[in-house]
Amino acid sequence: MTHAFARPADRLAAIKPSPIRAIFDRAAKLEADGHKIYHFEIGRPDFDSPAVAKQATIDALESGKVHYAPNAGTADLRAAISEYLADKRHTQYQPNGEIIVTVGANEAVFLAIMAFCGPGDEVVVPIPAWAHYQSCIRLAGATPVEVPLDAANGYQLDLEALSAAISDRTRMVVLCTPNNPTGTVASKSDVDAIAEMLRPTDALLLSDEIYADLTYEVDHASPASYEQLHPRTLSVGGFAKAFAMDGWRLGWLAGPAELIAPALRVRQYTTVCSTTFIQDGGAAALRSARDEAESMRQSFEARRNAALQAISGTDKLRVASPDGAFYLYLSYEPETAEPAEELAVRLLEEHHVAVVPGTAFDPHGGTHAFRVSYACPLEDLTEGLRRIIAAL
Ligand code: PMP
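For clarity, every value in this text was computed on a predicted model and none was experimentally measured. (Residues numbered from 1 in each chain as written. Predicted model: local features only at pLDDT ≥ 70, side-chain atom pairs only at ≥ 80, totals over all residues.)

What about the overall build of the protein?
At step 1: When helices and strands are counted, the protein shows 12 helices and 13 strands.
At step 2: Its C-alpha atoms give the protein a radius of gyration of 21 Å, within 12% of the compact-globule value 21 Å for 392 residues.
At step 3: The principal-axis extents of the C-alpha atoms in the protein amount to approximately 55 × 55 × 50 Å.
At step 4: Across the 392 residues in the protein, those meeting the buried criterion constitute 49%.
At step 5: Residue pairs at least 24 apart in sequence account for 76% of intrachain contacts in the protein once pairs closer than 6 positions are excluded. (Helix = DSSP H or I, 4+ residues; strand = E, 2+ residues; numbered from the N terminus. Rg over C-alpha atoms; globule rule 2.2 N^0.38 Å. Buried ≥ 20, exposed ≤ 12 C-beta atoms within 10 Å, placed from the backbone. Contact = placed C-beta atoms within 7 Å.)

Below you can see the structure in the form of structure tokens.
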């Protein structure tokens with residue numbers, strides 16, 4: 001029985017539970033019954049976090065760094081992020097006033113949207129996309145405007161459709177590159193075109209670059225490295241993917257001071273600051289675990305190649321452009337199998353392979369697609385894909 005007093009605020013009505021949840025719960029139950037599950041649903045690395053990051057955190061704890069940090073993060077971690085972004089993304093951010101250390105990239109996205117978007121505002125989101133954006137946009141009272149991308153075009157950014165979606169109500173455009181779930185990496189000419197599109201508007205660009213260190217054979221172009229885009233771009237990054245530090249809940253939001261100040265105001269009434277002692281671990285990772293991150297990237301690349309090889313023998317699956325991140329977004333013709341949410345249940349129940357149905361990323365276009373994470377051991381990847389192909 002639900003009590004009347006348990007009714008959630010109206011704004012929650014617009015936020016649907018993720019279809020990923022159902023898969024997680026079923027997988028956990030099968031595992032509890034002793035079955036081996038091929039976990040392709042999880043969006044996190046299977047590597048341990050870098051030893052230097054752990055040691056720096058232990059040292060910080062032992063030296064008594066157990067009290068509140070500044071709202072924007074410790075000066076040392078902000079300096080390390082500033083150096084890292086200059087080296088790796090060719091973007092210039094001052095440690096003071098232009099960077100907030102966040103509780104994961106999740107919080108960075110939340111702060112950016114809460115600080116700038118409200119009722120009457122539209123936020124343009126190309127889909128398939130990580131559904132977190134739309135939920136934050138709705139929580140803020142703003143309206144997501146989804147721009148569906150085309151499977152036939154490898155889910156590359158559709159510049160015409162993007163341009164058509166931008167109006168004088170557009171407060172923000174979201175770009176996630178490399179993309180979750182498609183792996184697509186925006187090209188330099190895409191970023192140029194976005195700069196041109198936004199020039200006559202008041203829209204901000206929310207650039208989610210959490211996967212920026214994980215690209216294969218192509219280069220990542222950071223929007224904020226473009227002079228025209230820098231003033232209106234909020235850049236999101238973090239430690240979860242490239243440094244295998246997802247459980248640390250550490251990330252960042254970087255932007256010009258006039259954009260960072262409002263985000264910091266939201267921050268003061270939510271998490272206040274990231275955990276103080278782990279910030280030393282974050283700084284150590286950015287400065288001293290770059291080789292380790294590169295060797296993880298190489299492992300992901302080898303797995304990606306093995307996964308592409310494994311599916312190259314079937315004509316039942318079509319893969320998007322997997323140039324970055326650690327996902328394959330696979331689509332199939334409706335005649336091949338049942339809709340994605342049912343297929344995901346069958347793959348799990350009968351073949352013990354957990355995937356995320358495409359509807360989690362694109363409610364209409366994703367009905368015959370699913371996401372496979374290749375952040376898992378190579379043997380599991382090839383066996384799980386073999387099972388999927390057999391099931392199709
Ligand atoms: N952005 C994207 C596109 C993601 O896929 C994720 C994690 N799934 C995040 C941000 C959040 O990362 P974090 O764990 O640092 O909060």
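Remarks on helix H10 (residues 290–312)
At step 1: An ideal rise of 1.5 Å per residue puts 33 Å on 23 residues; H10 measures up with 33 Å between its terminal C-alpha atoms.
At step 2: Of all the residues in H10, the buried ones are Glu292, Ala293, Met296, Phe300, Arg303, Arg304 and Ala307.
At step 3: Of the surrounding elements, those touching the buried residues of H10 are strand E10 (327–331) and helix H12 (378–391). (Expected span 1.5 Å × (residues − 1).)

Describing the site of the ligand
At step 1: Gly104, Ala105, Asn106, Gly238 and Ala240 are the nearest of the 13 residues found near the ligand.
At step 2: A total of 3 residues in the shell around the ligand trace back to one element, the largest contributor, which is helix H4 (residues 104–116).
At step 3: Tallied by class, residues from the shell around the ligand come to 5 nonpolar, 6 polar and 2 charged. (Near = placed C-beta within 6 Å. Nonpolar A, V, L, I, M, F, W, Y, C, P; charged D, E, K, R; others polar.)

Details of the environment of alanine 28
At step 1: Following the sequence through the fold, alanine 28 ends up in helix H1 (residues 19–32).
At step 2: Taking the C-beta count within 10 Å as the criterion, alanine 28 has 12 such neighbours and is therefore assigned exposed.
At step 3: Measuring from C-alpha to C-alpha, the distance between alanine 28 and lysine 54 comes to 28 Å, with 26 residues separating the pair along the chain.

Section: the nonpolar core
At step 1: Core analysis: the largest hydrophobic core is formed by 122 residues, its most contacted members being Ala112, Ile113, Val174 and Leu253.
At step 2: Considering each element in turn, this core owes the most residues, 10 residues, to H4.
At step 3: Residue assignment places this core across two domains, with domain 1 (9–48 + 291–391) and domain 2 (67–288) each supplying three or more.
At step 4: Apart from the residues lying within four places of it in its own chain, the contact partners of leucine 253 are Ile100, Thr102, Ala108, Leu111, Ala112, Leu234, Val236 and Ala263. (Core = buried A, V, L, I, M, F, W, Y, C linked by C-beta atoms within 7 Å. Domains from an automatic or database assignment.)

Quick look at the confidence of the model for the protein
At step 1: Looking at the protein as a whole, the pLDDT averages 95, with 100% of positions reaching at least 70.
At step 2: At the level of chain-chain contacts, confidence expressed as ipTM amounts to 0.99, with global pTM at 0.97. (pLDDT = per-residue confidence, 0-100.)

As for the sheet that holds strand E13 (residues 369–373)
Strand pairing in a sheet takes place through backbone hydrogen bonds and is either antiparallel or parallel in direction.
At step 1: Read from one edge to the other, the open sheet built from 4 strands follows the order E9-E10-E13-E12, with strand pairing classed as antiparallel. Lying at the two open borders of the sheet, with one neighbouring strand each, are strand E9 (318–319) and strand E12 (356–357).
At step 2: In terms of strand pairing, E12 meets E13 through 2 bridges, oriented antiparallel. Residue pairing across strands places valine 356 opposite arginine 371, the latter belonging to E13.
At step 3: Relative to the sheet, helix H11 (residues 340–351) contacts E12 and E13, its axis offset from that of E13 by approximately 45 degrees. (Pairing = 2+ DSSP bridges. Axes fitted to C-alpha atoms, helices over the stretch in contact; angles between N-to-C directions.)

Describing the UniProt feature "domain: Aminotransferase class I/classII large" (unreviewed entry) in the protein
At step 1: With numbering matched to this structure, UniProt assigns "domain: Aminotransferase class I/classII large" (unreviewed entry) to residues 39–388.
At step 2: Regarding residues 39–388, the helix share stands at 39% and the strand share at 16%, and the terminal C-alpha atoms are separated by 12 Å. (UniProt positions renumbered as here; feature names shortened; annotations may be inferred.)

Quick word on the packing of H4 against helix H5 (residues 132–139)
At step 1: Where H4 meets H5, the closest approach of the two axes is 9 Å, and the angle between their N-to-C directions is 35 degrees. For the crossing formed where H4 meets H5, the hand is right-handed. Contacts between H4 and H5 pair Asn106, Val109, Phe110 and Ile113 from the former with His132, Tyr133, Cys136 and Ile137 from the latter.
At step 2: By residue class, the composition of the contact of H4 with H5 is 6 nonpolar, 2 polar and no charged. (Left-handed = near helix turned anticlockwise from the far one by under 90°.)

Description of the pairing of strand E2 (residues 99–102)
At step 1: Here E2 shows no split at all, with Ile99 and Val101 on one side and Ile100 and Thr102 on the other all buried.
At step 2: Of the strand pairs in this sheet, E2 and strand E8 (residues 251–254) are connected by 4 bridges, and their pairing is antiparallel. Counterpart to isoleucine 100 in the pairing with E8 is leucine 253.

A look at the domain arrangement of the protein
At step 1: The assigned domain composition of the protein is domain 1 (9–48 + 291–391) and domain 2 (67–288).
At step 2: Once you take the C-alpha centre of each, domain 1 and domain 2 turn out to be 24 Å apart.
At step 3: Contacts between domain 1 and domain 2 engage 34 residues on the former and 35 residues on the latter.
At step 4: No other element matches the 6 residues that H10 contributes to the side of domain 1 that touches domain 2.
At step 5: The residue makeup of the side of domain 1 that touches domain 2, split by class, is 16 nonpolar, 8 polar and 10 charged.

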